[in-house]
Amino acid sequence: FTEPVFSFTPSISPTTILRLDNFSDFWEDNFLMGSLVYKHLLRLKFDKDYKRLILIEPIYIGERIRDLIYLKNHKTIIMALETSGSLAILKN
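Our subject in this report is the structure included herewith. (Residues numbered from 1 in each chain as written. Predicted model: local features only at pLDDT ≥ 70, side-chain atom pairs only at ≥ 80, totals over all residues. Heavy atoms only, no water.)

### Remarks on a nonpolar patch on the surface
Step number 1: A contiguous nonpolar surface patch, about 230 Å² in accessible area, is contributed by Val5, Phe6 and Ile56.
Step number 2: By secondary structure assignment, the location of Phe6 is in the segment before strand S1 (14–20). (Patch = residues over 30% accessible without salt bridge, like charges linked within 9 Å, V, L, I, M, F, W, Y side chains within 5 Å. Areas by Shrake-Rupley, 256 points an atom, 1.4 Å probe, with all protein chains shown as cover. Salt bridge = Lys/Arg side-chain N within 4 Å of Asp/Glu carboxyl O. Helix = DSSP H or I, 4+ residues; strand = E, 2+ residues; numbered from the N terminus.)

### Side note on the pattern of salt bridges
A side chain with one charge may pair with a side chain of the opposite charge, provided their charged atoms come close.
Step number 1: In total, this model carries five salt bridges according to the counting rule given.
Step number 2: For Glu57, the salt bridge goes to Arg43, with nearest N and O atoms at 2.7 Å. Within this pair, whereas Glu57 is found in strand S4 (residues 53–60), its partner Arg43 is found in strand S3 (residues 40–46), the two being separated by 14 residues in sequence.
Step number 3: A salt bridge links Glu82 to Arg64; the shortest N-O distance between them is 2.6 Å. You can see Glu82 sitting in the loop between strand S6 (76–81) and strand S7 (87–91) and its partner Arg64 sitting in the loop between S4 and strand S5 (65–71), a full 18 residues away along the chain.
Step number 4: Using a relative accessible area of 32% as the deciding quantity, one classes Glu82 as partly exposed.
Step number 5: Taken together, the shared-partner salt bridges in this structure form one network comprising Arg64, Arg66 and Glu82. (Buried < 20%, exposed > 50% of the residue type's maximum accessible area, 1.4 Å probe, protein only.)

### Digging into the sheet that holds S1
Step number 1: In spatial order, the strands read S1-S2-S3-S4; together these four strands make up an open sheet with antiparallel pairing. Edge positions in the sheet fall to S1 and S4, since each of these pairs with one other strand and no more. Across the sheet, the axes of successive neighbouring strands diverge by a mean angle of 20°, strand direction being ignored. (Pairing = 2+ DSSP bridges. Axes fitted to C-alpha atoms, helices over the stretch in contact; angles between N-to-C directions.)

Right, here's the structure in full:
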């Protein structure tokens, strides 16, 4: 058993986790994670060994984020929002 690097208490009900490469120089090798309860998109950055979380940036969306898709060739992230049934697009 390996202890988790980080845990959210209370739970934020995480959804998809994406590794970003080729999205932005500022977000290189960052991760994005959706949340159902928290209604934020979270940008996460780990140390080089993935043993410590060094950044958590909440990005308020205001809806439950059901799913994330990263279109690497287009530098675009598509979010499926549950409450309104809409799609949100984050593009560099």
